[in-house]
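Summary of structural features
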Amino acid sequence: MNRQNEKMMHILTWLLTALAGAALGVFFFGGLWWTVRGMVDSGRGALFMAASLLLRLGVTGYGFYLAAGGQWQGLLACLLGFLLARSAVLHLSAASARKEANHAPES
């Protein structure tokens, strides 16, 4: 394989790793959003939150381990995707909260 193809393969690998990080970020922060909204209806909110945290941390940590492949560049790409997903989930959750606030009954 020539040098140009090798460089393109590295870039593609980093992009796919960043995409995996974004998927992990959506899982982690989307799960957090779902947990906060769901624990109000739960009879055991603290247990619900703790179980969710352990599940989200376990899956995300293992996903980072697999996606990074033991390389710091992979870990950095995965972290970048994770943080971009955080921004996206934050934006979507804020938009949803504004929409719900506009439809809330007045007291």
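Here, the structure is the one placed above.
One structure accompanies this document, and this report is about it. Here the residue index of a chain counts from 1 through its sequence in written order. Residues qualify for local features only when their pLDDT is at least 70, as the model is predicted, and side-chain atom pairs are given and counted only at 80 or more; totals for whole chains, interfaces and linings, by contrast, use all residues. Side-chain measures were taken over the full set of non-hydrogen atoms in the model, leaving aside hydrogen atoms and water.

The next thing to look at is helix α1 (residues 3-39). Since there are 3.6 residues in each turn of an α-helix, residues three or four apart along the chain are aligned in direction. To qualify as a helix, a DSSP run of H or I must reach at least 4 residues; to qualify as a strand, a run of E must reach at least 2; elements of each kind are numbered from the N terminus. Every helix has an expected span of 1.5 Å times one less than the residues it contains. With 37 residues, α1 ought to run about 54 Å at 1.5 Å a step, and its terminal C-alpha atoms sit 53 Å apart, in line with that. Exposure categories follow from relative accessible area, calculated using a 1.4 Å probe and restricted to protein chains: below 20% of the type maximum is buried, above 50% is exposed, and the middle band is partly exposed. Three or more residues of α1 are buried, namely Thr17, Ala18, Gly21, Leu24, Gly25, Phe28, Phe29, Gly31 and Thr35. Counted as a polar contact is a pair of N or O atoms within 3.5 Å, where, for protein atoms, one must be capable of donating a hydrogen and the other of accepting one, and residues adjacent in sequence contribute only when both atoms are in side chains. Among the residues of α1, the N-terminal cap falls to Asn2, whose side-chain oxygen and the backbone nitrogen of Gln4 are separated by 3.3 Å.

Every axis corresponds to a line fitted to the C-alpha atoms, with the helix fit spanning only the stretch in contact, and the corresponding angles, defined between N-to-C directions, vary from 0 to 180 degrees. Viewed as axis vectors pointing N to C, α1 and helix α2 (residues 45-68) meet at an angle of 180°, and their least axial separation amounts to 10 Å. When the interaxial angle is binned, α1 and α2 end up roughly antiparallel. In this structure, α1 contributes Thr17, Ala20, Leu24, Phe27, Phe28, Gly31, Leu32, Trp34, Thr35, Val36, Gly38 and Met39 to the contact, and α2 contributes Gly45, Phe48, Met49, Ser52, Leu55, Arg56, Leu57, Val59, Thr60, Gly63, Phe64 and Ala67. Note that Gly is not counted as nonpolar here; it falls among the polar residues with everything else outside the nonpolar set of Ala, Val, Leu, Ile, Met, Phe, Trp, Tyr, Cys and Pro and the charged set of Asp, Glu, Lys and Arg. The residue makeup of the contact of α1 with α2, split by class, is 15 nonpolar, eight polar and one charged. Should an angle fall under 35 degrees it is called roughly parallel, over 145 degrees roughly antiparallel, and 65 to 115 degrees roughly perpendicular, with every other angle called oblique. Contact definition: two residues touch when any of their heavy atoms are within 4.5 Å.

We call Phe, Tyr and Trp rings a pair once their centres come within 6.5 Å, taking the six-membered ring for Trp, and we label the pair stacked below 30 degrees between planes, edge-to-face above 60, and tilted otherwise. A full pass over the atoms with the stated rule returns six aromatic pairs. Plain terms: the ring middles of Phe64 and Phe82 are 5.4 Å apart, the flat faces sit at 75° to each other, and that makes the pair edge-to-face. Placement of the pair is Phe64 in helix α2 and Phe82 in helix α3 (residues 72-102), with a sequence separation of 18 residues. Each member of the pair, Phe64 as well as Phe82, is classed as buried.

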